[in-house]
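A look at the structure
Chain by chain, the residues run as shown.
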Amino acid sequence: MMCGRVIRYNNLHTHSFYRRATARHVSSYHSAEHGHYQRQCRDVEVPRSSRQFATRSKDHEDMAKIRNIGIMAHIDAGKTTTSERMLYYSGFSRHLGDVDRGDTVMDYMEQERDRGITINSAAITFHWNHHKINLIDTPGHVDFTVEVERTLRVLDGSVAVLDASAGVEAQTVTVWQQAENYSVPCMVYLNKMDKQGASVQHCLRSLQEKLRVSPLLLHLPLGVERDFSGVVDLIHFNTLSWDPSQSYDGRTFTTKPLSVSDGSELYQEAAKARTALIGQLADHDDHIADLVLGEVKLEDISADDIVSAIRRVTLARKVVPVLCGSSLKNKGVQPLMDSIVSYLPSPKDRNYSFADYYNTDLCAFAFKVSHDPQRGPLTYLRLYSGSLKSGATIYNINRQNTEKTSRILQVYADELHDISRAVAGNIVAVAGLKQTLTGDTLTSSQSAAKAAAKAWRRQQEQQQKTQQHQKGEQEEGGEEDAEEVSPVLAAMNVPAPVFFCSIEPPSMAYQKNLEHALECLQKEDPSLKVEVNAETGQTILSGMGELHLDIVQSRIHKEYGIEADLGPLQIAYRETISQGAEASEVLDKTLGDRNHFVRLRMSVTADPDSTHFRQVTVAPSRDNPINYLRPPQLKALNNGVKSALANGPLLGFPLIHVAVSLHEFQTRPGTSLAMVAACAVQCITKALREAAPHLLEPMMELEINTNEDYLHTVMGDLSQRRSHIDSVQSRQSGKLVQAVTPLSELRGYSTDLRTITSGTSSFSMHLSHYQPMGTDEQNRLIESVTGFAPS
């Protein structure tokens, strides 16, 4: 039996921005049975400060040594705890942050520490194994999905953390789909392996069934539930075990080659799992397939070959590596960090073709805006090409304006440190940009933007010529679109709010301060909508849920010193039409010495396949050929239609599933575009009244975790809430109820569920779809809002 070696993971590198550490011991080891696996580990002096920061920037940085990754998961899966352990083992932090104690580095907002949840995506930079890791910890609550969306927009890779006893949960599916939308390579970390009901096989099945991915298992757990003590590394065929009596913080662990003496059952299970791992790789990687089909025995395939193959198939998004651990018990985090470096992509590995248009000029994407009391607005940028110097002037392509940066800051959660220069591949914060908003594309200058637009148009023309040549025909048009479209990075997809309420200051003396606070918060949070009701003059706040609006109110009070009052929460319904209708409108007005004349005939039809209105369909006829409709006039018509569809005829809610066609358009010289838009508003409003409008209510997809004793109680309560039960699944720790329920029936459901189950159940929900309301429910809602029963 071979003796194991104790490995100490401090990993404080000897960069100039770290305090010099005295190396006392260097150890290395390798597996005699299955290839080589070497690590250099150092027992170092503990630095005086609790955190180690980079204090200077580099003019040239190896992009292959950078990892821009995010941690994503369902709420309470252990994202923040995992992030805190990474910071501790990398040497960034001297203490193990605990969510329950409220002393984490990543969750630094007062609201986050009070509630024990992540609200804002927090960025931080640390080093591991000679690689620079820009890590972003994202929220897991459905109300803050936009934070995940804009984070994944700029990341190169991601780690999905699963509760090993629950597998894939509702919000896991949501954030995974967001990662899929941006083609982000992912890996999975099965956390809480020490929890009752933890099951690797259940997690693997849920990954296959719910996420439709091919999981690649790299670890087997050593022990189950409370007896979980480490993992079996299937690549190197080693056991990694953590003993709290020898290392309370999990910094040191024991590794040794797996042998039959560890137990024939464990050895056979590990050998079988390693064979399955190689076989799965052979299905996706040519090099491993060649080795398997050749004379090489499976046990003789080296760890280096396997690691290289895992990296290739992970970057190609053919498989998803799966690892095990228990972050709260300080087990399995260091191998996860090794895997991030080994398998997730660097900026060089991702194909960002749009950056080629900018050549060596700056191309950066503003993915987040926050407000600092001392520094003012801070804009978080991901740099895709070029570099950015402190004090440089940059051009905002979306806003078509120039702004000057005052400082460039490296982000360490709530702490920011000045750097003089940032290069491509990095994520930094910039102070001084007052006009830049989330989703804007920035470059070095206006001339750089024009050069990029010219290069983009050349490529588009070349592609168009190639397509025409292949089709053997000539196509016209597209020239005007080429003038309007420029190579900017696509903006985020922000979901529509589902709750709204009024907000008022404690007195009129605070009105301007409240408006300023709401303006700042709206810039920070794209999912927060603020508008003034034209009829009542009230300020209306719209958000993603009860918790979202509650957090906004708390921030206004804590950060801006305004005790604002929120009105009762209201449901954000939608309206649509049941049948088509057509209307005509003539606008003939003389303002000053100018006469404005517009004649329109437009129709509306139900369009179930399209949720949101995009543009008017021009439908000319022999009698009305519509020959003189210019692009600015069509744009004005689209703006007018959007304004009309924003306020439905029943209760003023936005309309969805509506298509609009233009059948007749006449105007005279001198007619302003504003009048064209105003005429379109009147015409569409008239048509909507005749199109049998009706209300749609938001339906929420519920997942309720409960135990067997309270299952019938939960089911009975759901039936009273007009729920449709989709499924009831058995889990080792209880029952999982999946249902679709109207949002109007879920006000205060969190409290009600805790009451009827004695605090033993939990739930999550997200928007599923909008469903037509029944006639009785619709009439009751109209009467409650307007005070009048519909005729």
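Quick summary incoming for the structure in this document. (Residues numbered from 1 in each chain as written. Predicted model: local features only at pLDDT ≥ 70, side-chain atom pairs only at ≥ 80, totals over all residues. Heavy atoms only, no water.)

Assigned secondary structure in the chain consists of 18 helices and 38 strands. Put simply, the chain has 791 residues, and 53% of those count as buried. Sequence-distant contacts, at least 24 apart, represent 73% of the contacts inside the chain between residues at least 6 apart. (Helix = DSSP H or I, 4+ residues; strand = E, 2+ residues; numbered from the N terminus. Buried < 20%, exposed > 50% of the residue type's maximum accessible area, 1.4 Å probe, protein only. Contact = heavy atoms within 4.5 Å.)

To continue, consider empty space enclosed by the protein. All told, the structure shown has 2 cavities of 30 Å³ or more when counted by the stated rule. If you add up the space inside the largest cavity, you get close to 50 Å³. Surrounding the largest cavity, A123, I124, T125, N134, L135, I136, Q410, V411 and I427 form its lining. Those elements that place two or more of their residues in the lining of the largest cavity are β5 (122-128), β6 (131-137) and β20 (407-412). Looking at the lining of the largest cavity, its residues break down into 6 nonpolar, 3 polar and no charged. (1 Å grid on protein atoms, 1.4 Å probe; cavity = no way out; pocket = protein on both sides within 12 Å on 5 of 7 lines; lining within 4 Å. Points joined across faces, edges and corners; volume = space filled by probe spheres on them. Nonpolar A, V, L, I, M, F, W, Y, C, P; charged D, E, K, R; others polar.)

Okay, the sheet that holds strand β4 (residues 66-73) next. Pairing is mixed in the open sheet, where 7 strands are placed in the order β5-β6-β4-β7-β8-β14-β9. A strand with exactly one partner marks an edge of an open sheet, and here the two such strands are β5 and β9 (215-217). Strand-to-strand twist across the sheet, computed as the mean angle between neighbouring axes with direction ignored, equals 30°. For strand β8 (residues 186-191) and strand β14 (residues 320-324), the ladder comprises 3 bridges, and the chain directions are parallel. (Pairing = 2+ DSSP bridges. Axes fitted to C-alpha atoms, helices over the stretch in contact; angles between N-to-C directions.)

Our focus in this paragraph is the pattern of salt bridges. Applying the stated criterion to the full structure yields 24 salt bridges. Note that E147 and K368 form a salt bridge whose closest N and O atoms lie 3.9 Å from each other. You can see E147 sitting in helix α3 (residues 145-152) and its partner K368 sitting in strand β15 (residues 363-372), a full 221 residues away along the chain. E147 sits in the buried class, given a relative accessible area of 6%. Residue R721 pairs with D752 through a salt bridge whose shortest N-O separation is 3.0 Å. Of this pair, R721 sits in the loop between α16 (711-720) and β36 (724-731) while D752 sits in helix α17 (residues 749-756), and the two are 31 residues apart along the sequence. (Salt bridge = Lys/Arg side-chain N within 4 Å of Asp/Glu carboxyl O.)

What follows covers the nonpolar core. Counting 117 residues, the largest nonpolar core has I124, F126 and L190 as its most contacted members. Not counting chain neighbours up to four residues away, the residues in contact with F126 comprise M86, L87, S90, F92, H131, K132, I133, L135 and M337. Within the second largest apolar cluster, 38 residues are counted, among which are L549, F653, L718 and M765. (Core = buried A, V, L, I, M, F, W, Y, C linked by side-chain atoms within 4.5 Å.)

Phi is mostly negative for residues that are not glycine, and the peptide bonds are mostly trans. Positioned with a positive phi, N129 is a non-glycine residue whose angle comes to about 50°. Along the chain, N129 falls in the loop between β5 and β6.

Now for the environment of Q738. Of note, Q738 is situated in strand β37 (residues 734-742). Of the residues examined, Q738 reaches a relative accessible area of 16% and is grouped as buried. Distance from Q738 to E701, taken between C-alpha atoms, is 7.3 Å for residues 37 residues apart in sequence. Each residue touching Q738, except ones within four places of it in the same chain, is listed here: K210, L702, E703, H724, I725, D726, S727 and Q729. In terms of polar contacts, Q738 uses its side chain to reach the side chain of E703, at 2.9 Å. In terms of polar contacts, Q738 uses its side chain to reach the side chain of S727, at 2.7 Å. (Polar contact = N/O pair within 3.5 Å; in protein donor to acceptor, adjacent residues only side chain to side chain.)

Along the chain, the position of V146 falls in helix α3. Sequence separation of V146 and L528 is 382 residues, and the distance between their C-alpha atoms is 9.9 Å. When residues no more than four places from it in sequence are discounted, the contact partners of V146 are M492, V494, P495, P526 and S527.

For the rest of this paragraph, the subject is the pairing of strand β16 (residues 376-385). Most of β16 is tucked away: 9 of the 10 residues are buried. Here β15 pairs with β16 via 9 bridges, running antiparallel. When the bridges of β16 are listed, S370 appears paired with L378. In this structure, the hairpin formed by β15 and β16 is closed by a connection of 3 residues.

For S542, the position within the fold is in strand β27 (residues 539-543). Look at S542 and you get buried, because its relative accessible area is 11%. Once residues lying within four places of it in the same chain are set aside, the contact partners of S542 are P497, F499, F500, S527, L528, K529 and L549.

Viewed as axis vectors pointing N to C, helix α12 (residues 511-524) and helix α13 (residues 546-560) meet at an angle of 120°, and their least axial separation amounts to 11 Å. In terms of orientation, α12 and α13 fall into the oblique class. Between α12 and α13 the crossing geometry is right-handed. Touching L514, H516, A517, L518, C520, L521 and E524 of α12 are V552, R555, I556 and Y560, all from α13. Here the residues of the contact of α12 with α13 are counted per class, giving 8 nonpolar, 1 polar and 2 charged. (Parallel < 35°, antiparallel > 145°, perpendicular 65-115°, else oblique. Left-handed = near helix turned anticlockwise from the far one by under 90°.)

For the rest of this paragraph, the subject is the pairing of strand β34 (residues 658-667). Successive residues of a regular strand alternate their side chains across the two faces of the sheet. Where burial is concerned, most of β34 is hidden: 7 out of the 10 residues are buried. Relative to β34, strand β32 (residues 594-606) is paired through 9 bridges, and the arrangement is antiparallel. Note on β34: the bridge partner recorded for T605 is A659. With 2 bridges joining them, strand β33 (residues 617-618) and β34 adopt parallel strand pairing. Each residue of the ladder has a partner; that of T617, found in β34, is S661.

Once that is clear, we can look at helix α5 (residues 200-210). Think of an α-helix as 3.6 residues a turn; residues three or four steps apart then line up on the same face. For α5, every residue scored as buried is listed here: V200, C203, L204, S206 and L207. Looking straight down α5, one finds its buried side chains confined to an arc of 165°; they lie on one side. As for α5, its buried residues are in contact with β7 (157-163), β8, β9, β10 (219-222) and β14. The N-capping residue of α5, defined by a side-chain oxygen 3.1 Å from the backbone nitrogen of H202, is S199. Count one or two residues on from α5 and you reach R212, which has phi positive near 55°. (Arc of directions from axis to C-beta.)

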